[in-house]
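Next come the chains, spelled out residue by residue.
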Amino acid sequence: MSIANRLILATPATVRAYREAENSPHYDFGGITDLDISTLLAIAATETFDFDAHELLPLDDTDDDNADIYPIPERYTRIFARLNAADIARCAAAWAASEELDCDAADLLSIIENLCALARRIENGQQLYFITA
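Residues numbered from 1 in each chain as written. Predicted model: local features only at pLDDT ≥ 70, side-chain atom pairs only at ≥ 80, totals over all residues. Heavy atoms only, no water.

Enquirer: Mind showing me how you'd approach the pattern of salt bridges here?
Expert: Side chains that differ in sign of charge can pair as their charged atoms come close. According to the stated counting rule, one finds three salt bridges in the structure shown. For the salt bridge of Asp28 with Arg6, the shortest nitrogen-to-oxygen distance reads 2.6 Å. Taken together, the residues Asp28 in strand β2 (residues 26–30) and Arg6 in strand β1 (residues 4–10) connect sequence positions 22 residues apart. Looking at Asp28, the relative accessible area reads 42%, which means it is partly exposed. (Salt bridge = Lys/Arg side-chain N within 4 Å of Asp/Glu carboxyl O. Helix = DSSP H or I, 4+ residues; strand = E, 2+ residues; numbered from the N terminus. Buried < 20%, exposed > 50% of the residue type's maximum accessible area, 1.4 Å probe, protein only.)

Enquirer: Before we go on, may I ask you to explain the packing of helix α2 (residues 34–44) against helix α4 (residues 74–82) in this structure?
Expert: When two helices pack together, their arrangement is given by the angle between the helix axes and by the axis-to-axis distance. Their axes nearest at 10 Å, the elements α2 and α4 cross at an angle of 65°. The interaxial crossing formed by α2 with α4 has left-handed handedness. Residues Leu40, Leu41 and Ala44 of α2 pack against Tyr76, Ile79 and Phe80 of α4. Residues that form the contact of α2 with α4 fall into these classes: six nonpolar, no polar and no charged. (Axes fitted to C-alpha atoms, helices over the stretch in contact; angles between N-to-C directions. Left-handed = near helix turned anticlockwise from the far one by under 90°. Contact = heavy atoms within 4.5 Å. Nonpolar A, V, L, I, M, F, W, Y, C, P; charged D, E, K, R; others polar.)

Enquirer: Which parts of the structure should I look at to understand the packing of aromatic side chains?
Expert: Here the distance between the centres and the angle between the planes together describe a pair of aromatic rings. If you walk through the whole model with that rule in mind, you get four aromatic pairs. Taken together, a centroid distance of 5.3 Å and an interplanar angle of 20° make the contact between Tyr27 and Phe29 stacked. Each member of the pair, Tyr27 together with Phe29, is buried. Through a chain of ring-to-ring contacts, three or more aromatic side chains come together here, namely Tyr27, Phe29, Tyr70 and Phe130. (Phe/Tyr/Trp six-rings, centres within 6.5 Å; stacked < 30°, edge-to-face > 60°.)

Enquirer: Please explain the nonpolar core as it appears in this structure.
Expert: Side chains that are nonpolar tend, in soluble globular proteins, to be buried together. Formed by 33 residues in total, the largest nonpolar core has its most connected members in Ile32, Ile72, Phe80, Leu83, Trp95, Ile112 and Phe130. Counting only elements with at least two residues in this core, the list comes to β1, β2, α2, α4, α5 (85–96), α6 (106–120) and β4 (127–132). A total of seven residues in this core trace back to one element, the largest contributor, which is α6. Dropping the residues within four chain positions of it, Phe80 is found in contact with Leu40, Leu41, Ala44, Leu115, Cys116, Ala119 and Arg120. Counting seven residues, the second-largest nonpolar core is a separate cluster that includes Ile8, Ala10, Val15 and Tyr129. (Core = buried A, V, L, I, M, F, W, Y, C linked by side-chain atoms within 4.5 Å.)

Written out as structure tokens, the structure reads:
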């Protein structure tokens, strides 16, 4: 797991310059890809993964050629904002068992917990983003 990643709560204007927006609420971690996050979206929504429905699409007008910025669709942000501890544990277990990850659920809990915490903090004009660099 060597990819640097970030979940960030930002406005569309500030996310494009996220390296300068260190004051934005965020959570840094490593090793998870956009496909992995897409898989988690399906799991949280209790849906079977489908690329057409769950694939994250990157913004194409960023200031950084070395980073991809993926908006988390509002539908999923609302789902994550409502998850309780039992839901988070269920998501972690299913996500850990996915073919792409095949790891211990405990290793994923903090990612989901932080994603949920950020989703609960969204204010007007903000959105949750997944960034790989």
